[in-house]
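Single-letter residue listing:
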Amino acid sequence: MLTCAAEELADLAEIVATLARDIERHHARDPEITELSTGEHAVMRYVDRHPGATPSEIAQDVGMQRPNLSATLRKLEDKGMVVRSEGIGDRRGKVVTPTPYAAENLRRLRAVWSDALAPAAGEPDLAGLTARLTAIRDLLAADRGRLRAGSAR
């Protein structure tokens, strides 16, 4: 049996997962959006925030094995979302950068997401809620990193 705090955390997880699915359904409102798989979304989020990242950096952050990341990058290249090229001057090997098409796709996605959540715009302390959810996301990402480090031993 879960404790009260554990129940609340499980409820939060369920709400976040449901909210993500509900927001995803709004993508149909813009037929120009290129749909991405969950793994492709994770890679694009990282590449958008870290243009010029190496595949190793991306794999570590998103928690993918290198062969799976390579397959995902090929799919993203086929969709015109990323370019892999030689790093310049720093001997980093291949680096991954988003394309202008990816930037436009992200702009469209963010517009749809904003429209989907527009009814919540009047909620008190929306900025505080966003900050709290960001902190939770960051804690989970840090935990993912610790789990990876422990499994590498």
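Residues numbered from 1 in each chain as written. Predicted model: local features only at pLDDT ≥ 70, side-chain atom pairs only at ≥ 80, totals over all residues. Heavy atoms only, no water.

Let us look at the nonpolar core. In this structure, Val 43, Ile 58 and Val 82 are the most contacted members of the largest nonpolar core, which totals 18 residues. Where this core is concerned, the elements lending two or more residues are helix H2 (38-49), helix H3 (55-62) and helix H4 (66-78). Looking at which element gives the most residues to this core, the answer is H2, with five residues. Contacts of Ile 58, omitting those with residues within four sequence positions, involve Val 43, Tyr 46, Val 47, Ala 53, Leu 69 and Val 96. (Core = buried A, V, L, I, M, F, W, Y, C linked by side-chain atoms within 4.5 Å. Buried < 20%, exposed > 50% of the residue type's maximum accessible area, 1.4 Å probe, protein only. Helix = DSSP H or I, 4+ residues; strand = E, 2+ residues; numbered from the N terminus. Contact = heavy atoms within 4.5 Å.)

Now for the packing of H2 against H3. The interhelical angle for the contact between H2 and H3, taken along N-to-C directions, is 125°, at an axis separation of 10 Å. By the angle class used here, H2 and H3 are oblique. As H2 packs across H3, the resulting crossing turns out to be right-handed. Note on element contacts: H3 touches H2 through Glu 57, Ile 58, Asp 61 and Val 62, opposite Ala 42, Val 43, Tyr 46, Val 47 and Arg 49. Each residue belonging to the contact of H2 with H3 can be placed in one class, and the counts come to six nonpolar, no polar and three charged. (Axes fitted to C-alpha atoms, helices over the stretch in contact; angles between N-to-C directions. Parallel < 35°, antiparallel > 145°, perpendicular 65-115°, else oblique. Left-handed = near helix turned anticlockwise from the far one by under 90°. Nonpolar A, V, L, I, M, F, W, Y, C, P; charged D, E, K, R; others polar.)

Moving on, we get to unusual backbone geometry. Phi at Asp 125 takes a positive value of approximately 60°, unusual for a residue other than glycine. Structurally, Asp 125 can be placed in the loop between helix H5 (100-117) and helix H6 (126-151).

With that settled, the discussion passes to a negative patch on the surface. Residues Glu 7, Glu 8, Asp 11 and Glu 14 make up a contiguous surface patch of negative charge. Within the secondary structure, Glu 8 sits in helix H1 (residues 4-25). Judged by relative accessible area, Glu 8 falls into the exposed class, the value being 52%. (Patch = residues over 30% accessible without salt bridge, like charges linked within 9 Å, V, L, I, M, F, W, Y side chains within 5 Å. Areas by Shrake-Rupley, 256 points an atom, 1.4 Å probe, with all protein chains shown as cover. Salt bridge = Lys/Arg side-chain N within 4 Å of Asp/Glu carboxyl O. Lys, Arg positive; Asp, Glu negative; His and termini not counted. Charge placed at Lys NZ, Arg CZ, Asp CG, Glu CD.)

Once that is clear, we can look at the confidence of the model for the protein chain. Atomic detail in the predicted coordinates should be set aside for any region of low pLDDT. Put simply, the protein chain has an average pLDDT of 88, and 91% of its residues get 70 or more. In the model of the protein chain, H6 stands out as the element of lowest mean pLDDT, 78, in contrast to H4, which has the highest, 96. (pLDDT = per-residue confidence, 0-100.)

So, on to H2. Over its 12 residues, H2 extends 17 Å from the first C-alpha to the last, a length consistent with the 16 Å expected when each residue adds 1.5 Å. Among the residues of H2, those classed as buried are Glu 40, His 41, Ala 42, Val 43, Met 44, Tyr 46 and Val 47. The secondary structure elements touched by the buried residues of H2 are H1, H3, H4, strand E1 (82-86), strand E2 (94-98) and H5. (Expected span 1.5 Å × (residues − 1).)

So, on to H5. Counted at 1.5 Å a residue, the expected span for H5 with its 18 residues is 26 Å, and the 26 Å between its end C-alpha atoms agrees. Of the positions making up H5, those classed as buried are Ala 102, Asn 105, Leu 109, Val 112 and Ala 116. Here the buried residues of H5 occupy an arc of 90° about the axis, which is enough to place them on one side. In this structure, H5 carries Pro 100, Arg 110 and Asp 115 as exposed residues pointing more than 90 degrees from its buried face. Packed against the buried residues of H5 are H1, H2 and E2. (Arc of directions from axis to C-beta.)

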